[in-house]
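Okay, here's what each chain looks like letter by letter:
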Amino acid sequence: MKPTISPSILNCDIADLVGELNKISNADYAHVDIMDNHFVPNLTWGLPVVESIVARDILPIDCHLMIEDPDRWAPAYAEAGAASVTFHAEAAGAPLRLAKEIRAQGARVGLGLKPTTDIHDYLDVLDAFDMILVMTVEPGFGGQPFLESQMNKIRRVRQAANKRDLELAIQVDGGISRQTIQTAAEAGADVFVAGSAVYRSDDAYQEVEELRRLATAAMHNHS
C-alpha cells in the first residue's frame, strides 16, 4: 500500500485558487470541503467551485460533503467530475442507495464519520464504500488539534476490511501534520488530508513530499 496525500484547500488563498492548486500539483488529490452552515457551523463553497476546479484539470478532486441532505446533493458532485465524493453517515437517510448512485456517476464513494460516531453499525456494509473517512477533529473548521482517540476506530476499520479481504481506503482528516501522520499511518490509515500543515508551510510542494515520505516509512514499518 502506498499513501495518498490529499491536501485540503480550506486554508489556501481563495483569491488565487488556480495558483494554490498548482503549489500542490505533486499531491494525489485536492481535498475540497463543502460545508453548508447547517451540518457544521461553517460555510465554504459548493458545486460551482468544484465544477470550476475540475475544468482546470490540475488534480483529481476529493470532495468531502459536510452538508445536510447528501441524499439529494451528493450525486451532483460526482456528476460534476469529482473523482471521489464522501458524505457523512450522520446526515444520509439512505447511505447504501446513495453510495450506489455516486458510483454510478463514475466517482469513488466515501463514508465520513464524526469523532463520536461508532463505526460498529457500518462494519457489515464496508464493501458498499471505496473509502471510510475517520475525522480526527470535530468537522467544521481547519487548524484544530489531532484527536488521537480516533486511532482505535481506524484500527477497527482496517481489521474488518482485512478480514474480508476488501480493498478499502481509510482517510484521516483533521490535525494531520509531520507530527501526527505516522501515528495515523501506523493505525491503518492510507489517505491523508492535511490543510494547515501544507498551506501554512514555507513550501507547499515540499511539505506534500515530506508528508508522503513520513507516511510511507510508517506504513512500511507497520506492515
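Residues numbered from 1 in each chain as written. Predicted model: local features only at pLDDT ≥ 70, side-chain atom pairs only at ≥ 80, totals over all residues. Heavy atoms only, no water.

## Side note on the overall build of the chain
Move 1: A tally of regular secondary structure across the chain gives eight helices and eight strands.
Move 2: A compact globule built from 223 residues should have a C-alpha radius of gyration of about 17 Å, and the chain, at 16 Å, falls within 12% of that.
Move 3: Based on the C-alpha atoms only, the size of the chain along its principal axes is roughly 45 × 40 × 30 Å.
Move 4: For the chain, the residues scored as buried account for 56% of the 223 residues in total.
Move 5: Nonlocal contacts in the chain, meaning residues at least 24 apart in sequence, comprise 63% of its contacts between residues at least 6 apart.
Move 6: When the accessible area of the chain is evaluated, it comes to approximately 10,100 Å², of which 46% is carbon and sulfur surface.
Move 7: A gap of 4 Å separates the mean positions of the 19 positive and 32 negative side-chain charges of the chain. (Helix = DSSP H or I, 4+ residues; strand = E, 2+ residues; numbered from the N terminus. Rg over C-alpha atoms; globule rule 2.2 N^0.38 Å. Buried < 20%, exposed > 50% of the residue type's maximum accessible area, 1.4 Å probe, protein only. Contact = heavy atoms within 4.5 Å. Areas by Shrake-Rupley, 256 points an atom, 1.4 Å probe, with all protein chains shown as cover. Lys, Arg positive; Asp, Glu negative; His and termini not counted. Charge placed at Lys NZ, Arg CZ, Asp CG, Glu CD.)

## Details of the nonpolar core
Move 1: One finds Ile9, Ile24, Val85, Ile102, Ile132 and Phe192 to be the most contacted residues of the largest nonpolar core, which totals 67 residues.
Move 2: Broken down by element, the residue count for this core peaks at seven residues, all from helix H8 (residues 204–222).
Move 3: Apart from the residues within four sequence positions on either side, Ile24 is in contact with Pro7, Ala30, Leu59, Val198, Tyr199, Ala204 and Val208.
Move 4: Grouped together as the second largest cluster of nonpolar side chains are five residues, Met35, Phe39, Met66 and Ala91 included. (Core = buried A, V, L, I, M, F, W, Y, C linked by side-chain atoms within 4.5 Å.)

## Some thoughts on the side chain of His88
Move 1: Here His88 shows up in strand S4 (residues 84–88).
Move 2: Residue classification places His88 among the buried positions, given a relative accessible area of 0%.
Move 3: Of note is the side chain of His88, whose polar atom sits 2.8 Å from the side chain of Glu90.
Move 4: In terms of polar contacts, His88 uses its side chain to reach the backbone carbonyl oxygen of Gly112, at 3.4 Å.
Move 5: Leave out the neighbours within four places in its chain, and His88 touches Phe39, His64, Leu65, Met66, Leu111, Gly112, Leu113, Lys114 and Met135. (Polar contact = N/O pair within 3.5 Å; in protein donor to acceptor, adjacent residues only side chain to side chain.)

## Let's talk about the state of the cysteines
Move 1: All chains considered together, the criterion is met by zero disulfides.
Move 2: Left unpaired, Cys63 is separated from the closest cysteine sulfur, that of Cys12, by 14 Å. (Disulfide = S-S within 2.5 Å.)

## Considerations on the pairing of strand S7 (residues 169–173)
Move 1: S7 sits mainly inside the fold: five of its five residues count as buried.
Move 2: Alternating residues of S7 divide into Ala169, Gln171 and Asp173 and Ile170 and Val172, and every residue in both groups is buried.
Move 3: Here five bridges tie strand S6 (residues 131–135) to S7, and the two strands are oriented parallel to one another. Paired with Ile132 across the bridge in S7 is Ile170.
Move 4: With respect to chirality, the unit in which S6 leads through helix H5 (residues 151–163) into the neighbouring parallel S7 is right-handed.
Move 5: Looking at chain direction, S7 and strand S8 (residues 191–193) are connected through three bridges and run parallel. When the sheet's bridge partners are listed, Asp173 is paired in S8 with Val193. (Pairing = 2+ DSSP bridges. Right-handed = clockwise from strand over helix to strand, strands pointing away.)

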